[in-house]
Amino acid sequence: MSRRATAARGARTIAVAAVSAVGALLLAACAPTTTTKPYDPSDGVGVSVLGEEDTDLRGINLMVVSAAEGEAGNVLGALANETADDASFTLQAPGAAPVIVEVPAGGTVYLGTETGEAALLDTVGAAPGNYLDATLTVGGDTKEFQLPVFDGTLSEYADYVPVEVVVEPSASASPSPSE
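Heads up: these notes are all about the structure in this document. (Residues numbered from 1 in each chain as written. Predicted model: local features only at pLDDT ≥ 70, side-chain atom pairs only at ≥ 80, totals over all residues. Heavy atoms only, no water.)

Digging into the overall build of the protein
Put simply, the rule reads: Strands here are runs of E lasting at least two residues and helices are runs of H or I lasting at least four, both read from the DSSP assignment and numbered beginning at the N terminus. Only protein chains enter the accessibility calculation, which uses a 1.4 Å probe. A residue is then buried if its area is under 20% of the maximum for its type, exposed if over 50%, and partly exposed in between. Pairs of residues are marked as contacts when any of their non-hydrogen atoms sit within 4.5 Å. The accessible surface values rely on the Shrake-Rupley method and a 1.4 Å probe; as for residues, cover is taken only from the protein chains in view.
The number of helices and strands found in the protein is two helices and nine strands. When the helices and strands of the protein are placed in sequence order, the string is α-β-β-β-β-β-β-β-β-β-α. Taken over 179 residues, the protein has a buried fraction of 30%. Once local pairs closer than 6 in sequence are excluded, the contacts in the protein between residues at least 24 apart make up 52%. Surface exposure of the protein reaches about 11500 Å², of which carbon and sulfur atoms provide 56%.

Okay, here's the thing in structure tokens:
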């Protein structure tokens, strides 16, 4: 093989590599960067409620942990208020009393954990492993979403299953013989 043929082959190889690299860069530039998109880092769901100024009021990684359908449920997750005003969030689910949580302006309130605010649904209308129809309301804005229901099967949620407290009548609460 001549020197000229070897040089031409090397030049073609470099040109193909350069075109391939430029093509890969162009394709990468056209693809969406998924790491910049918000996501729920666990088993819960996110829900965004836009306020009057189209600012974000949202639930982050929301879920409910309950022993069974019809039992009480502990709501886990967080509520974030990116507005300049305090906001009152109302979480509602069929058959349960609403859960109301005050979130300060620019703040985030964590729900259901040792360091967060207690948020308990008095009854959960879906069995663990299913979704519960729910709404999150802030001011006049409401967003419907599916709230996942878990039980203590997964060890990370076992400590959050509400425990029914049985209150036994005390001896002093019994009627006196004169009544």
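There's plenty left to go through after this.
Points about the environment of E144
Mapped onto the elements of the fold, E144 is located in strand β9 (residues 141–150). For the pair E144 and V47, spaced 97 residues apart in sequence, the C-alpha separation works out to 8.4 Å. In this view, E144 contacts A134 and T135; residues no more than four positions away in its chain are not counted.

Remarks on empty space enclosed by the protein
Selection rule: Here a cavity denotes grid points, spaced 1 Å and computed from the protein atoms alone, that fit a 1.4 Å probe unable to get out, and a pocket denotes an open set having protein on both sides within 12 Å along at least 5 of 7 lines; residues with an atom within 4 Å of a point are the lining. Grid points are joined across faces, edges and corners, and a volume is the space filled by probe spheres set on the points. All residues other than Ala, Val, Leu, Ile, Met, Phe, Trp, Tyr, Cys, Pro, Asp, Glu, Lys and Arg, Gly among them, are scored as polar; the first ten of these are nonpolar and the last four charged.
Inspection of the entire model under this criterion finds one cavity of 30 Å³ or more. Of the voids in this model, the largest cavity is the one considered here, and its volume is about 40 Å³. For the lining of the largest cavity, a count of residues per class yields eight nonpolar, no polar and no charged.

Some words on the nonpolar core
Going by this rule: Each nonpolar core is a collection of buried residues, namely Ala, Val, Leu, Ile, Met, Phe, Trp, Tyr and Cys, held together in the definition by side-chain atoms within 4.5 Å.
L79, F89, L111, L121, L132, L136 and F145 are the most contacted members of the largest nonpolar core, which totals 28 residues. Sorting the residues of this core by element identifies β1 (45–50), β2 (56–66), β3 (73–81), β4 (87–92), β5 (99–103), β6 (108–111), β8 (131–138) and β9 as the ones contributing at least two each. No other element matches β8, which puts four residues into this core. Among residues more than four places away in sequence, those in contact with L79 are R58, G59, L62, F89, V101, V103, G107, T108, V109, L111 and L136. V65, L76, Y160 and V161 belong to the second largest nonpolar core, which has seven residues in total.

A short note on the pattern of salt bridges
Selection criterion: By convention in these notes, a salt bridge is any Lys or Arg side-chain nitrogen within 4 Å of a carboxyl oxygen on Asp or Glu.
Per the counting criterion, the structure on display carries two salt bridges. Between R58 and D56 there is a salt bridge, with its nearest N and O atoms 3.7 Å apart. E82 serves as the salt-bridge partner of R58, at 2.3 Å between the closest nitrogen and oxygen. Here the residue R58 occupies a position in strand β2, and E82 occupies one in the loop between β3 and β4, the gap between them amounting to 24 residues. Given a relative accessible area of 24%, R58 falls into the partly exposed group. One continuous salt-bridge network, built from bridges that share partners, spans D56, R58 and E82.

No statement about biological role is implied by the geometric values presented.
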